Amino acid sequence: MLGRRTNVVVVHPSPVLNAGVRALLADECDVRSGEWAQHAQSADVVVADHEQALALLHAVAQGVPTRCLVVSARLNGRMVREAMEAGAHGYVTAECAAP
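Quick look at the structure, then. (Residues numbered from 1 in each chain as written. Predicted model: local features only at pLDDT ≥ 70, side-chain atom pairs only at ≥ 80, totals over all residues. Heavy atoms only, no water.)

Some remarks on the pairing of strand β2 (residues 29-33)
Consideration 1: Pairing of strand β1 (residues 6-10) with β2, which is carried by 5 bridges, proceeds in the parallel orientation. Among the inter-strand pairings, Asn-7 is bridged to a residue of β2, identified as Asp-30.
Consideration 2: Each parallel crossover has a hand, and the one from β1 via helix α1 (residues 15-25) to β2 is right-handed. (Pairing = 2+ DSSP bridges. Helix = DSSP H or I, 4+ residues; strand = E, 2+ residues; numbered from the N terminus. Right-handed = clockwise from strand over helix to strand, strands pointing away.)

Structure, rendered in structure tokens:
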């Protein structure tokens with residue numbers, strides 16, 4: 001018997017990136033798009049841009065039990081540090097290669 005599939009919510013504002021992440025994860029995870037606040041209680045992981053991730057991570061600090069992966073077109077040390085210090089579980093650029 002297989003274990004429970006990971007529930008992923010993609011809330012990135014870029015429609016192309018949003019669709020690409022969903023397509024990459026669809027075989028391994030239960031993936032949906034939408035507002036993270038609507039799915040926060042059931043999501044294991046939220047994939048978001050930098051700004052939305054910071055809002056999510058603030059809510060996580062208030063007790064919402066969700067992991068967050070930041071996918072951003074912008075990469076600079078200050079932004080990565082800010083997200084990681086806020087509790088992000090990862091930070092990748094939108095230009096990273098798919099497996």
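Structural notes on the side chain of Asn-18
Consideration 1: Positionally, Asn-18 belongs in helix α1.
Consideration 2: Exposure remark for Asn-18: the relative accessible area of 10% places this residue in the buried category.
Consideration 3: Asn-18 has contacts with Val-10, Val-11, His-12 and Ser-33, leaving out every residue within four places of it along the chain. (Buried < 20%, exposed > 50% of the residue type's maximum accessible area, 1.4 Å probe, protein only. Contact = heavy atoms within 4.5 Å.)

Considering the sheet that holds β1
Consideration 1: Taken in spatial order, the 5 strands make up an open sheet running β2-β1-β3-β4-β5, and their pairing is parallel. Among the strands making up the open sheet, the edge pair consists of β2 and β5 (90-93). Direction aside, the axes of adjacent strands within the sheet are offset by 20° on average.
Consideration 2: Sheet topology places strand β3 (residues 45-48) next to strand β4 (residues 67-72); 4 bridges connect them, and they run parallel. Bridge pairing links Val-45 to Arg-67 in β4.
Consideration 3: Sheet contacts for α1: β1, β2, β3 and β4; angle to β2, the most-contacted strand, approximately 165°.
Consideration 4: The strands that helix α4 (residues 77-86) touches are β4 and β5; relative to β5, the one it contacts most, it runs at about 150°. (Axes fitted to C-alpha atoms, helices over the stretch in contact; angles between N-to-C directions.)

Considering the pattern of salt bridges
Close approach of charged atoms lets side chains of opposite charge pair.
Consideration 1: Considering all chains together, one arrives at 4 salt bridges under this definition.
Consideration 2: Residues Arg-4 and Asp-44 are paired through a salt bridge, measuring 3.0 Å at the closest nitrogen-oxygen approach. Here the residue Arg-4 occupies a position in the segment before β1, and Asp-44 occupies one in the loop between α2 (36-39) and β3, the gap between them amounting to 40 residues.
Consideration 3: Judged by relative accessible area, Arg-4 falls into the exposed class, the value being 62%. (Salt bridge = Lys/Arg side-chain N within 4 Å of Asp/Glu carboxyl O.)

Focus on the environment of Gly-87
Consideration 1: Within the element layout of this structure, Gly-87 appears in the loop between α4 and β5.
Consideration 2: Overall, the relative accessible area of 30% leaves Gly-87 in the partly exposed class.
Consideration 3: In the structure, Gly-87 is positioned 33 residues away from Leu-54 in sequence and 8.8 Å away in space, judged by C-alpha atoms.

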